[in-house]
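Summary of the model geometry
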Amino acid sequence: MSAGNTNFIITLPEAAPSHVFYIEVAYTSQIKPYPEEINQADKQFVRYTGPMYFYSAYKTRFQKIQVKLPTSKIISYTQIKPYGVSSNKIKYGPFEHISGFLETKI
């Protein structure tokens, strides 16, 4: 199990061969100043160093990620296909058939 994860128990209303879950997660502490210290006249940049995939013990059929930044001035970003940039958002995916316990960072 990855450090800092929270586990949930879900009781399903009835037995079925499969169930579909839609999960939305907001990582609020993944954007950090880069570099950490600057002079007052310098421009401040940020770096997102968060998970590429939702951490799960189970295989995930379909997933996408959106990184929302405080400004539309994006200098560079990880180009993992498929991806797209629109204003202050970098969108990755959709990704399909992701293995369980996969920990990949952007």
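Residues numbered from 1 in each chain as written. Predicted model: local features only at pLDDT ≥ 70, side-chain atom pairs only at ≥ 80, totals over all residues. Heavy atoms only, no water.

As recorded in an unreviewed UniProt entry, the protein goes by Dolichyl-diphosphooligosaccharide--protein glycosyltransferase subunit 1 and comes from Glossina palpalis gambiensis. Word for word, the UniProt comment on the protein under Subunit (unreviewed entry) is "Component of the oligosaccharyltransferase (OST) complex." UniProt's Pathway (unreviewed entry) comment on the protein is quoted here verbatim: "Protein modification; protein glycosylation." (UniProt positions renumbered as here; feature names shortened; annotations may be inferred.)

**With respect to the nonpolar core**
In globular proteins that are soluble, nonpolar side chains generally tend to be buried together. Listed in full, the 11 residues of the largest apolar core are Tyr48, Met52, Tyr53, Ile65, Val67, Leu69, Ile90, Tyr92, Phe95, Ile98 and Ile106. For this core, the elements supplying multiple residues, two or more each, are β3 (60–68) and β5 (89–98). Each residue touching valine 67, except ones within four places of it in the same chain, is listed here: Tyr48, Asn88, Lys89, Ile90 and Tyr92. (Core = buried A, V, L, I, M, F, W, Y, C linked by side-chain atoms within 4.5 Å. Buried < 20%, exposed > 50% of the residue type's maximum accessible area, 1.4 Å probe, protein only. Helix = DSSP H or I, 4+ residues; strand = E, 2+ residues; numbered from the N terminus. Contact = heavy atoms within 4.5 Å.)

**Concerning unusual backbone geometry**
In this structure, proline 35 follows tyrosine 34 across a cis peptide bond, with omega equal to -10 degrees. With respect to the secondary-structure elements, proline 35 resides in the loop between β1 (31–34) and β2 (45–48). Proline 94 follows glycine 93 through a cis peptide bond whose omega is 15 degrees. Here proline 94 is to be found in strand β5. Within the chain, serine 87 stands out as a residue other than glycine whose phi angle is a positive 55 degrees. Position of serine 87 among the secondary structure elements: in the loop between β4 (83–86) and β5. Even without a glycine there, the phi angle at phenylalanine 101 is positive, about 60 degrees. With respect to the helices and strands, phenylalanine 101 occurs in the segment after β5.

**Considerations on the packing of aromatic side chains**
Applying the stated criterion to the full structure yields three aromatic pairs. Ring plane angle 65 degrees and centroid distance 5.7 Å describe the contact between tyrosine 77 and tyrosine 83, whose orientation is recorded as edge-to-face. Lying over the aromatic face of tyrosine 34, arginine 47 brings its terminal NZ or CZ to 3.9 Å of the ring centre. (Phe/Tyr/Trp six-rings, centres within 6.5 Å; stacked < 30°, edge-to-face > 60°. Lys NZ or Arg CZ within 6 Å of the ring centre and 35° of its normal.)

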